[in-house]
Amino acid sequence: MIPILDSKRQYATIGSEVEKAVCEVLRSGSYILGANCKALEQELADFIGCKYTVGLNSGTDALHLALRALNIGAGDEVITVAFTFVATTEAIGIVGAKPVFVDIDEDTFNLDASKLEAAITPRTKAIIPVHLYGQPCDMDVIMDVAKRHNLHVIEDCCQAIGALYKGKMVGTFGDFGCLSFYPTKNLGGMGDGGLIMTNDEKLRDRVIALRNHGGAIRYHHDEIGVNSRLDEIQAAILRVKLPHIKDWNEARRKHAYYYNELFADCKDVQTPKELDDTYCVYHQYTIKIPNRDAVHKMLQERGIGAMLYYPIPLHLQKVHEYLGVGRGSLPVSEKNTDMVISLPMFPELTEEEQRTVAKTVKECIELSKSAAAV
């Protein structure tokens, strides 16, 4: 078995530190919004290069509360992509706004910025670009369009901590950047967690109030908020992991380049492409192949933990039927959902395992072609 992710290997290298940090929290008697959460918020602000961060209980809530803090709600439209995890549009729906989909770029899987302006209407209030698989979006164009149309920008960085666009961390271009600490992420906790980043003090303060039942002062509630607080145990674990994130991201990039070499002789495999002047952190290493579903099944049977992120674009999901956006409206997104497959990718992956993965993928593609020809 070669899994898509092996968190046990990571734990083997930092487990003693994690256990020590967790036990210290347990002994402290302080479990919510304590010293570790405050320290993590500052350490992440320093790492990311923003003024403020606020720890939350999930990446979904980071998106949700960013929208709330910008007063986006019923009757408003938010432009984003259909080729992403549902949390992106779920947050839009939670505040009562309407997602408006723009198709993606053929090579990067991210929002096609050249199609952005055509989607703007008088109801448009914000853009949520998703830095999918750890690949930065074309933020120069996105920010230019947003500025000219007076739109907010909320960056979905849930898969992209540490990714750079022209030397600047993603999440620091718009009004907000949003992170997830779900265990599979490049910087993952051992449970749920999330965080917003911003350079605007007033927006920071609004999120702080919203995460704690709508009040900045205890037992004083100014609006309807939520309970969305990053707990001390997760914060302590993330503080142990944060000093390693640069090395882990570098390891992922090294693995991506080796995969690229291994597939260089296979015309049936389209490997990921990076935009110029970007630093992709390869949360996933995602290729495009023919006969994807058949190949996926064969890989699973052979113990290769390949995954499909994502098999159905959001505009064709039942949750968004009400939008009336039918098949054919986002041709690039629809084409990619039929072709993409993500291969094992984590810092501790070995070159021998990568060779096995690549060899097996090539064999399965040939077998699928033979089966299709019968």
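Shown above is the structure to which this text applies.
Structure report, in brief. The model shown is predicted, which means the values in this text are computed figures rather than measured ones.

Definitions and cut-offs
- Residues numbered from 1 in each chain as written.
- Predicted model: local features only at pLDDT ≥ 70, side-chain atom pairs only at ≥ 80, totals over all residues.
- Heavy atoms only, no water.
- Helix = DSSP H or I, 4+ residues; strand = E, 2+ residues; numbered from the N terminus.
- Rg over C-alpha atoms; globule rule 2.2 N^0.38 Å.
- Buried < 20%, exposed > 50% of the residue type's maximum accessible area, 1.4 Å probe, protein only.
- Contact = heavy atoms within 4.5 Å.
- Areas by Shrake-Rupley, 256 points an atom, 1.4 Å probe, with all protein chains shown as cover.
- Lys, Arg positive; Asp, Glu negative; His and termini not counted.
- Charge placed at Lys NZ, Arg CZ, Asp CG, Glu CD.
- 1 Å grid on protein atoms, 1.4 Å probe; cavity = no way out; pocket = protein on both sides within 12 Å on 5 of 7 lines; lining within 4 Å.
- Points joined across faces, edges and corners; volume = space filled by probe spheres on them.
- Nonpolar A, V, L, I, M, F, W, Y, C, P; charged D, E, K, R; others polar.
- Disulfide = S-S within 2.5 Å.
- Pairing = 2+ DSSP bridges.
- Salt bridge = Lys/Arg side-chain N within 4 Å of Asp/Glu carboxyl O.
- Axes fitted to C-alpha atoms, helices over the stretch in contact; angles between N-to-C directions.
- Right-handed = clockwise from strand over helix to strand, strands pointing away.

Focus on the overall build of the chain
- A tally of helices and strands in the chain yields 11 helices and 12 strands.
- Radius of gyration (C-alpha) of the chain: 21 Å, near the 21 Å computed for a compact globule of 374 residues.
- Once the C-alpha set of the chain is aligned to its principal axes, its extents read approximately 70 × 55 × 35 Å.
- Every one of the 374 residues in the chain was classed for burial, and the buried ones make up 57%.
- A sequence separation of at least 24 residues applies to 71% of the contacts in the chain between residues at least 6 apart.
- For the chain, the computed accessible surface area is about 16,200 Å², with 52% contributed by carbon and sulfur atoms.
- One way to put it: in the chain the 41 positive side-chain charges average out to a point 2 Å from where the 50 negative ones average out.

Topic: the layout of surface pockets
- Of the pockets and cavities examined, the largest pocket occupies roughly 450 Å³.
- Only α3 (59-69) and α4 (87-94) provide two or more residues apiece to the lining of the largest pocket.
- Looking at the lining of the largest pocket residue by residue, the class counts come to 9 nonpolar, 12 polar and 3 charged.

Here we look at unusual backbone geometry
- Between Y309 and Y310 the backbone carries a cis peptide bond, its omega angle lying at 15 degrees.
- Inspection of the secondary structure puts Y310 in the loop between α9 (292-301) and α10 (331-337).
- The phi dihedral of F109 falls on the positive side, at around 70 degrees, and the residue is not glycine.
- By secondary structure assignment, the location of F109 is in the loop between β3 (98-101) and β4 (124-127).

What about the state of the cysteines?
- Evaluated as defined, the whole model comprises 0 disulfides.
- Left without a disulfide partner, C23 is nearest to the cysteine sulfur of C37, which lies 20 Å away.
- We classify C23 as partly exposed; its relative accessible area is 35%.
- Here C280 is not cross-linked by a disulfide; its sulfur's nearest cysteine counterpart is in C137, at 11 Å.

Structural notes on the sheet that holds strand β10 (residues 278-279)
- Strand order across the open sheet formed by 3 strands is β7-β6-β10, with antiparallel pairing between neighbours. The open sheet is flanked by β7 (168-169) and β10, the only strands paired with a single partner.
- Alignment of strand β6 (residues 164-165) against β7, held across 2 bridges, turns out to be antiparallel. Directly across from Y165, in β7, lies its bridge partner K168.

A look at the environment of L151
- If you trace the backbone, L151 turns up in the loop between α5 (139-148) and β5 (152-156).
- Residue L151 is classed as buried on the basis of its relative accessible area, which comes to 11%.
- With 73 residues separating them along the chain, L151 and V78 place their C-alpha atoms 9.4 Å apart.
- Filtering out sequence-adjacent residues up to four positions away, L151 remains in contact with I120, T124, K125, A126, I127 and A146.

Quick look at the pattern of salt bridges
- Considering all chains together, one arrives at 26 salt bridges under this definition.
- Here R9 and D6 are joined by a salt bridge, their closest N and O atoms 2.9 Å apart.
- Since its relative accessible area comes to 23%, R9 is described here as partly exposed.
- When its relative accessible area of 16% is taken as the criterion, D6 is described as buried.
- A salt bridge links R253 to E250; the shortest N-O distance between them is 4.0 Å. With R253 and E250 both in helix α8 (residues 245-262), this residue pair falls 3 residues apart, about one helical turn.
- Residue R253 is classed as buried on the basis of its relative accessible area, which comes to 10%.
- Exposure remark for E250: the relative accessible area of 42% places this residue in the partly exposed category.

Quick word on the sheet that holds strand β8 (residues 176-180)
- Strand order in the open sheet made by the 7 strands is β1-β9-β8-β5-β4-β2-β3, with mixed pairing throughout. Pairing within the sheet leaves two strands with one partner each, and these edge strands are β1 (52-56) and β3. Geometrically, the sheet is characterised by an average inter-axis angle of 25 degrees between neighbouring strands, direction not taken into account.
- Note: β1 against strand β9 (residues 194-198), 5 bridges, orientation antiparallel. Across the sheet, Y52 pairs through a bridge with T198, a residue of β9.
- Along the sheet face, α5 touches β4 and β5 and points at about 150 degrees away from the line of β5.

What about the pairing of β5?
- Of all 5 residues that make up β5, 4 are buried, and the element is covered over most of its length.
- Sheet topology places β4 next to β5; 2 bridges connect them, and they run parallel. Residue pairing across strands places I127 opposite V153, the latter belonging to β5.
- The parallel pair β4 and β5 is bridged by α5, and the resulting crossover is right-handed.
- Pairing between β5 and β8: 3 bridges, direction parallel. Across the sheet, residue E155 finds its bridge partner in β8, namely G177.

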